[in-house]
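Single-letter residue listing:
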Amino acid sequence: MERGAAFSLETAWQLAVAWLGPDRRDPQWRRRTVEEAEALFGELGLTGTFWGLR
Amino acid sequence: MTPPLDLTIRRHVYETVLTTGLPPLARETAASRTLNLPELEVRASFERLAAGRVLVLQEESREILMAPPFSAVPTPFPVEAAGLRYWGNCVWDALGILAMLKRDGTIAASCGCCGEAMPLRVEGGDLQPAEGIVHFAIPARRWWEDIVFT
C-alpha cells in the first residue's frame, strides 16, 4: 500500500476535537467548507498534497 | 439550506446515539414520541442527510451505518465513556466520540498492522500520553470516494 500520512496521537486528538467535537444536534452545525477544512489542517501542521482537498 | 425536518432528524439521531451508544433505526425514529412521523418521511430524510455526507447508510437496508464519528455496528475502535460503549469508525472517530461527548473515556484501540493493543485514554479533556502514531492511508481529497473503506 502506498505510504499515506503519519502523525502524532496528540495531533490526532487536536484534529478530533476541532473537527468532531462540535455538537451535531445543534441546528447551527454544518459541514466545513473545503477552505475551512484546509485551514484547519494547516493550523495543525498537516500540510502537503496528502491534505489537499482540491 | 438544510430542510427543517432534516435538522430535526439529525438532532434525533445524534441525541439517540449520544445517550444510548447506537443510532436509531428508521422505524424507531418515526415512532419516537417527539417525532411521530411516517417511516417513509424519515427514510427520505436519511437519504438527504446521506447525500449531504452527514450520515452514511447501509447499502441494502438504508438504515444508518455511520453517524460520524459513531458507527452503528461493532468496529475495532470501541469507546467506553459515561457508562456506555460506543463504536468509532476509525481511531480519529474514536477520539472524536470522546471530543463530542466532552467526557473522560477509553478507547481499546489496536495497531492496524500487527494487532498489538494500543489503549488510549482521555482524562480532563486531554489525551493521556501513549505510544504510537496515527496513519491515514487515503489522501484527504479521496476520503469520500468510498468512506466505508477510508
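Residues numbered from 1 in each chain as written. Chains lettered and ligands numbered in written order. Predicted model: local features only at pLDDT ≥ 70, side-chain atom pairs only at ≥ 80, totals over all residues. Heavy atoms only, no water.

> Even after reading the chapter, I still don't get the overall build of chain A, so can you show me in this structure?
Secondary structure assignment for chain A yields two helices and one strand. Along chain A, helices (α) and strands (β) appear in the sequence β-α-α when read from the amino end. Here the C-alpha atoms of chain A give a radius of gyration of 13 Å, more than 25% beyond the 10 Å that 2.2 N^0.38 yields for 54 residues. Projected onto its principal axes, the C-alpha positions of chain A cover 40 × 25 × 25 Å. Taking the intrachain contacts of chain A between residues at least 6 apart in sequence as the baseline, contacts between residues at least 24 apart amount to 38%. Accessible surface, chain A as shown: approximately 3,100 Å² in total, 50% of it carbon and sulfur. Seen as two clouds, the 7 positive and the 8 negative side-chain charges of chain A have centres 4 Å apart. (Helix = DSSP H or I, 4+ residues; strand = E, 2+ residues; numbered from the N terminus. Rg over C-alpha atoms; globule rule 2.2 N^0.38 Å. Contact = heavy atoms within 4.5 Å. Areas by Shrake-Rupley, 256 points an atom, 1.4 Å probe, with all protein chains shown as cover. Lys, Arg positive; Asp, Glu negative; His and termini not counted. Charge placed at Lys NZ, Arg CZ, Asp CG, Glu CD.)

> Help me understand the interface of chain A and chain B, please; the structure alone is not making it clear to me.
Interface size is commonly expressed as the accessible surface area that is lost when the partners come together. Counting from both sides, the interface comprises 31 residues of chain A and, opposite them, 38 residues of chain B. For the pair chain A and chain B, the two sides together bury roughly 2,900 Å², of which 67% comes from carbon and sulfur. On inspection of chain A and its partner chain B, the count reaches one salt bridge. In this assembly, chain A and chain B are joined by 15 residue pairs in polar contact (both at pLDDT 80 or more). Residue assignment for the side of chain A that touches chain B shows that the elements contributing at least two residues are β1 (5-8) and α1 (9-20) of chain A. The element that contributes the greatest number of residues to the side of chain A that touches chain B is α1(A), accounting for nine residues. Partitioned by chemical class, the residues of the side of chain A that touches chain B number 19 nonpolar, five polar and seven charged. (Buried area = accessible area lost by both parts, 1.4 Å probe. Salt bridge = Lys/Arg side-chain N within 4 Å of Asp/Glu carboxyl O. Polar contact = N/O pair within 3.5 Å; in protein donor to acceptor, adjacent residues only side chain to side chain. Nonpolar A, V, L, I, M, F, W, Y, C, P; charged D, E, K, R; others polar.)

Any functional reading would require information beyond the geometric quantities listed.
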